[in-house]
Amino acid sequence: MKGALHLGTISGIKIEIHWTFSFLIIWVVFLDIQKGGNINSALLNVLLILILFLCVVLHELGHALTAKRFGIGTRKITLLPIGGVALLDKMPEKPGQELLVALAGPAVNVVIAILLSLFIPFKSYFGMDPSRLEGFLNTTGFQSLLLFLFIANIMLAVFNMIPAFPMDGGRVFRALLSFKLGRVKATEIASGLGQILAILFFMLGVLFNPFLILIALFIFVGAYGENQMVKQQSILEGHIVKEAMLTKITFLHPSNTMEEVVNTVLASTEKDFVILENNKIAGVLYQKDIIKNAHNPSILIKDVMQTKIRTVDVSLTITTILEYIRNEKNTFFPVTSKNEVVGAIDMTNISEFIVFKSEPYK
Ligand SMILES: [Zn+2]
């Protein structure tokens with residue numbers, strides 16, 4: 001995600017905070033001043049938010065470190081105003097593993113709450129009437145901080161277990177359904193429920209709390225996206241690069257000029273090019289580099305092509321290519337067979353392949 005501040009690295013996982021997080025801080029200070037607070041009370045509230053988000057980081061680490069036990073890496077954990085996001089390299093596909101990875105986050109908050117409860121004199125709070133208890137929570141002091149964090153961690157665990165896929169509870173729901181129905185059907189049902197709950201969150205958000213609107217959008221888009229992804233994966237299962245690759249492509253030479261490239265682009269539908277020298281791949285000329293240098297017709301390809309590129313073998317699965325596309329932000333790869341160039345594969349072609357392999361509309 002762009003515009004994030006790197007906080008540190010834990011167990012190989014980058015922890016970062018997104019710039020929009022500053023809105024949350026401003027909002028907290030604004031609310032405090034509106035309530036008649038001063039610098040001290042505002043700072044205290046900011047501190048509370050930061051401690052709360054420390055619990056969120058621990059929650060995300062719960063997911064990430066459990067995924068790691070199943071051999072799935074996590075690139076980073078990003079803190080957003082609406083909570084944390086752990087960017088796993090991929091989702092565990094075995095329902096048992098997904099279940100454990102999903103439960104691990106809320107479980108961390110439950111453990112924190114249990115540990116805190118050891119230091120909280122609950123008995124003395126039971127007799128208090130609600131307004132006095134609220135007043136106590138607003139006071140500064142170690143005991144009120146403990147109680148605040150206890151309640152917050154319970155709420156984090158409960159909120160995340162709402163079965164609104166792709167929230168944790170929704171992932172638990174999908175994993176349980178997957179045991180019986182298979183992943184595709186399970187995802188369809190879980191994301192359907194997720195979208196219904198997202199609409200409910202949205203309406204509650206309009207009435208009560210703008211943060212719920214953000215969370216609702218996050219769930220709605222996430223549920224749709226993951227459902228599409230799982231469907232695609234099931235369509236592509238077992239299919240290899242050879243079936244979907246481009247074979248009629250123009251190979252260019254490092255000594256070709258940008259003028260020649262532009263003419264080739266205009267004469268065909270090709271956007272990215274494999275550059276060959278003595279029948280070996282010398283590099284790739286990407287569309288973005290063509291656009292950047294199109295005003296300079298005499299510049300040579302060898303000066304603008306990328307040489308650090310990934311080539312893929314004809315026998316690789318197409319789902320592996322989709323993983324490369326997702327993780328490397330690159331959508332075009334030269335294809336080789338026995339170290340000879342035989343073509344290329346790009347996202348447009350994979351999309352076409354998916355359309356042809358999908359079930360026809362009835
Ligand atoms: Zn979680």
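Residues numbered from 1 in each chain as written. Predicted model: local features only at pLDDT ≥ 70, side-chain atom pairs only at ≥ 80, totals over all residues. Heavy atoms only, no water.

- If you check an unreviewed UniProt entry, the protein chain appears there as Zinc metalloprotease from Sediminicola arcticus.
- Regarding the protein chain, the UniProt comment filed under Subcellular location (unreviewed entry) reads as follows: "Cell membrane". (UniProt positions renumbered as here; feature names shortened; annotations may be inferred.)

### A short note on the pattern of salt bridges
Pairing between side chains of opposite charge can happen when the charged atoms of each approach one another.
So, step 1. Going through the model one piece at a time under the given rule, you end up with 10 salt bridges.
So, step 2. The closest approach of N and O atoms between Arg174 and Glu226, which form a salt bridge, is 3.8 Å. Of this pair, Arg174 sits in helix H7 (residues 168–181) while Glu226 sits in helix H9 (residues 210–236), placing them 52 residues apart in sequence.
So, step 3. Using a relative accessible area of 0% as the deciding quantity, one classes Arg174 as buried.
So, step 4. Residue classification places Glu226 among the buried positions, given a relative accessible area of 13%.
So, step 5. Linking Asp289 and Lys292 is a salt bridge whose minimum nitrogen-to-oxygen distance equals 3.7 Å. Of this pair, Asp289 and Lys292 both sit in helix H12 (residues 287–293), 3 residues apart, which is roughly one turn of that helix.
So, step 6. In this structure Lys292 comes out as exposed when scored by relative accessible area, which is 55%.
So, step 7. The network of salt bridges with shared partners includes Glu98, Arg171, Arg174 and Glu226. (Salt bridge = Lys/Arg side-chain N within 4 Å of Asp/Glu carboxyl O. Helix = DSSP H or I, 4+ residues; strand = E, 2+ residues; numbered from the N terminus. Buried < 20%, exposed > 50% of the residue type's maximum accessible area, 1.4 Å probe, protein only.)

### Considering the packing of aromatic side chains
So, step 1. Across all of its chains, the model carries 5 aromatic pairs by this definition.
So, step 2. An angle of 55° between the planes, with centres 6.1 Å apart, marks the rings of Tyr324 and Phe333 as tilted.
So, step 3. Positioned above the aromatic ring of Tyr324 is the side chain of Arg310, whose terminal nitrogen or guanidinium carbon lies 3.7 Å from the ring centre. (Phe/Tyr/Trp six-rings, centres within 6.5 Å; stacked < 30°, edge-to-face > 60°. Lys NZ or Arg CZ within 6 Å of the ring centre and 35° of its normal.)

### Digging into the UniProt feature "domain: CBS" (unreviewed entry) in the protein chain
So, step 1. If you check UniProt for "domain: CBS" (unreviewed entry), the listed places come out as residues 241–293 and 301–354 in our numbering.
So, step 2. Between the C-alpha atoms that bound residues 241–293 the distance is 31 Å, and the span itself is 40% helix and 25% strand.
So, step 3. As annotated, residues 301–354 comprises 43% helix and 28% strand, and the C-alpha atoms at either end are separated by 33 Å.

### Describing the coordination of the zinc ion
So, step 1. Those protein atoms acting as donors to the zinc ion are His59 (NE2), His63 (NE2), Asp168 (OD) and Asp168 (OD), and they sit at 2.0 to 2.7 Å.
So, step 2. Geometry at the zinc ion is irregular, judged from its 4 donor atoms and the angles of 54 to 149° they form at the metal.
So, step 3. For the zinc ion, all donor residues lie on one chain, and their spacing in sequence is H-x3-H-x104-D. With His63 in helix H2 (residues 39–69) and Asp168 in helix H7, the pair connects residues that are 105 residues apart, well separated along the chain.
So, step 4. What makes His63 buried here is its relative accessible area of 7%.
So, step 5. Residue Asp168 is classed as buried on the basis of its relative accessible area of 9%. (Donors = N, O, S within 2.8 Å, 3.2 Å for Na, K, Ca; no water. Tetrahedral: all angles 85-135°; square planar, octahedral: opposite > 155°, others 65-115°.)

### Considerations on the sheet that holds strand E9 (residues 332–337)
So, step 1. The strand order E8-E9-E10 describes an open sheet built from 3 strands, whose pairing is mixed. Looking at which strands have only one partner, the edges of the open sheet turn out to be strand E8 (312–313) and strand E10 (340–346).
So, step 2. Examined bridge by bridge, E8 and E9 share 2 bridges and lie parallel to one another. Along E9, the bridge assignment pairs Asp313 with Thr336.
So, step 3. Those strands touched by helix H14 (residues 318–328) are E8, E9 and E10, and its axis lies near 145° from that of E9. (Pairing = 2+ DSSP bridges. Contact = heavy atoms within 4.5 Å. Axes fitted to C-alpha atoms, helices over the stretch in contact; angles between N-to-C directions.)

### Digging into the side chain of Glu98
So, step 1. Relative to the elements of secondary structure, Glu98 occurs in helix H3 (residues 95–117).
So, step 2. Since its relative accessible area comes to 2%, Glu98 is described here as buried.
So, step 3. One polar contact links Glu98 to Arg171, side chain to side chain, over a distance of 3.5 Å.
So, step 4. Excluding its chain neighbours within four sequence positions, the residues that come into contact with Glu98 are Pro92, Arg171, Arg174, Ala175 and Arg183. (Polar contact = N/O pair within 3.5 Å; in protein donor to acceptor, adjacent residues only side chain to side chain.)

### A look at H2
So, step 1. Relative to the 45 Å expected for 31 residues at 1.5 Å per residue, H2 spans 45 Å between its end C-alpha atoms, a close match to the ideal helical length.
So, step 2. Positioned one or two residues after H2, Gly71 has a phi angle of 80°, which is positive. (Expected span 1.5 Å × (residues − 1).)

### Focus on the sheet that holds strand E5 (residues 251–252)
So, step 1. In spatial order, the strands read E5-E6-E7; together these 3 strands make up an open sheet with mixed pairing. The sheet is open, and its two borders are formed by E5 and strand E7 (280–285), each paired with just one other strand.
So, step 2. Pairing of E5 with strand E6 (residues 273–277) involves 2 bridges; the strand directions are parallel. Each residue of the ladder has a partner; that of Phe251, found in E6, is Val274.
So, step 3. Along the sheet face, helix H11 (residues 258–267) touches E5, E6 and E7 and points at about 135° away from the line of E6.

### Here we look at the environment of Ile321
So, step 1. Tracing the chain through its elements places Ile321 in helix H14.
So, step 2. The contact partners of Ile321, leaving out residues within four places of it in the chain, are Val241, Val312, Leu316, Phe333, Ile345 and Ile350.

### Side note on the packing of H3 against helix H6 (residues 142–160)
So, step 1. Put simply, H3 and H6 touch, their axes get as near as 8 Å, and they point 155° apart. The orientation of H3 relative to H6 falls into the category roughly antiparallel. Here the hand of the crossing between H3 and H6 comes out left-handed. On H6, the residues that touch Pro106, Asn109, Val110, Ile112, Ala113, Leu116 and Ser117 of H3 are Leu146, Leu149, Phe150, Asn153, Ile154, Leu156, Ala157 and Asn160.
So, step 2. A class-by-class count of the residues in the contact of H3 with H6 yields 11 nonpolar, 4 polar and no charged. (Parallel < 35°, antiparallel > 145°, perpendicular 65-115°, else oblique. Left-handed = near helix turned anticlockwise from the far one by under 90°. Nonpolar A, V, L, I, M, F, W, Y, C, P; charged D, E, K, R; others polar.)

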